Amino acid sequence: MISSDKLFRLANNLERFMTFAGIEDSAERAGIERYIVKDFAENKQNSYVVASKNGVQVYRNKTLTMTFRLPVAVTSGVFYFDGNRIASLNSALFFRDGTIRIEGKEATGGSSSPTSSNNNNNNNNNNNNNNNNG
């Protein structure tokens, strides 16, 4: 089992992933998120999630363990999440044979605490003020 701190980060990173993948916030999405957080908390090692036009797929040790069909398909692309990293995948390779090749946008899960967000906003405001003052 993972600590409550890590569980909080996992849930926040998963929320970012679902938004990044273009999956609408809904009761169905919340249910998918609950399942994934529980699965990752129990089986974190070698687990990852892929979101595509086929839905949200949960993998463990490169084996598909669960598929959630979505009422509205992900707009475009294939997206990857391993609990921390969020990335775009090469769609052609993934649909051909399941190859995970990260391409394009990639982000690592950061702290989503209010303090961290406020510090970033303050830094941005300070940068804007410095730019405006010469």
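In what follows, the structure referred to is the one given above.
A few points on the structure.

What counts and what doesn't
- Residues numbered from 1 in each chain as written.
- Predicted model: local features only at pLDDT ≥ 70, side-chain atom pairs only at ≥ 80, totals over all residues.
- Heavy atoms only, no water.
- Helix = DSSP H or I, 4+ residues; strand = E, 2+ residues; numbered from the N terminus.
- Contact = heavy atoms within 4.5 Å.
- Phe/Tyr/Trp six-rings, centres within 6.5 Å; stacked < 30°, edge-to-face > 60°.
- Buried < 20%, exposed > 50% of the residue type's maximum accessible area, 1.4 Å probe, protein only.
- Salt bridge = Lys/Arg side-chain N within 4 Å of Asp/Glu carboxyl O.
- Polar contact = N/O pair within 3.5 Å; in protein donor to acceptor, adjacent residues only side chain to side chain.

Before going further, it helps to spend a moment on unusual backbone geometry. The backbone of Asn61 sits at a positive phi, close to 55°, despite the residue not being glycine. Here Asn61 lies in the loop between strand S2 (55-60) and strand S3 (63-68). Phi is positive for Lys62, which is not a glycine, with a value near 65°. You can see Lys62 is positioned in the loop between S2 and S3.

The residue Glu33 is located in helix H2 (residues 27-43) in this model. Non-local contacts of Glu33, meaning those with residues more than four positions away in its chain, are made with Leu14, Glu15 and Met18.

We describe a pair of aromatic rings using the distance from one ring centre to the other and the angle between the two ring planes. Scanning the model with the defined rule gives seven aromatic pairs in all. On the basis of an interplanar angle of 25° and a centroid distance of 5.3 Å, the ring pair of Phe17 and Phe81 is categorised as stacked. Of this pair, Phe17 sits in helix H1 (residues 4-20) while Phe81 sits in strand S4 (residues 78-81), and the two are 64 residues apart along the sequence. Exposure class is identical for Phe17 and Phe81. Each is buried. Each ring, one from Phe20 and one from Phe79, has its centre 5.3 Å from the other, and the planes form 80°; the classification is edge-to-face. Placement of the pair is Phe20 in helix H1 and Phe79 in strand S4, with a sequence separation of 59 residues. Classification of Phe20 by relative accessible area gives partly exposed; the value is 30%.

This part is about the pattern of salt bridges. Tallied over the entire structure, the rule returns eight salt bridges. Glu15 is the salt-bridge partner of Arg29, the closest N and O atoms lying 2.9 Å from each other. Here Glu15 lies in helix H1 and Arg29 lies in helix H2, a separation of 14 residues in the sequence. The exposure class assigned to Glu15 is partly exposed, which follows from its relative accessible area of 30%. Residues Arg29 and Asp25 are paired through a salt bridge, measuring 3.9 Å at the closest nitrogen-oxygen approach. Here the residues in one salt-bridge network are Glu15, Asp25, Arg29 and Glu33, joined through shared partners.

Moving on, we get to the side chain of Asn90. Its place among the elements puts Asn90 in the loop between strand S5 (85-89) and helix H3 (91-97). In this structure Asn90 comes out as buried when scored by relative accessible area, which is 14%. A polar atom in the side chain of Asn90 sits 3.1 Å from the backbone nitrogen of Ala92.

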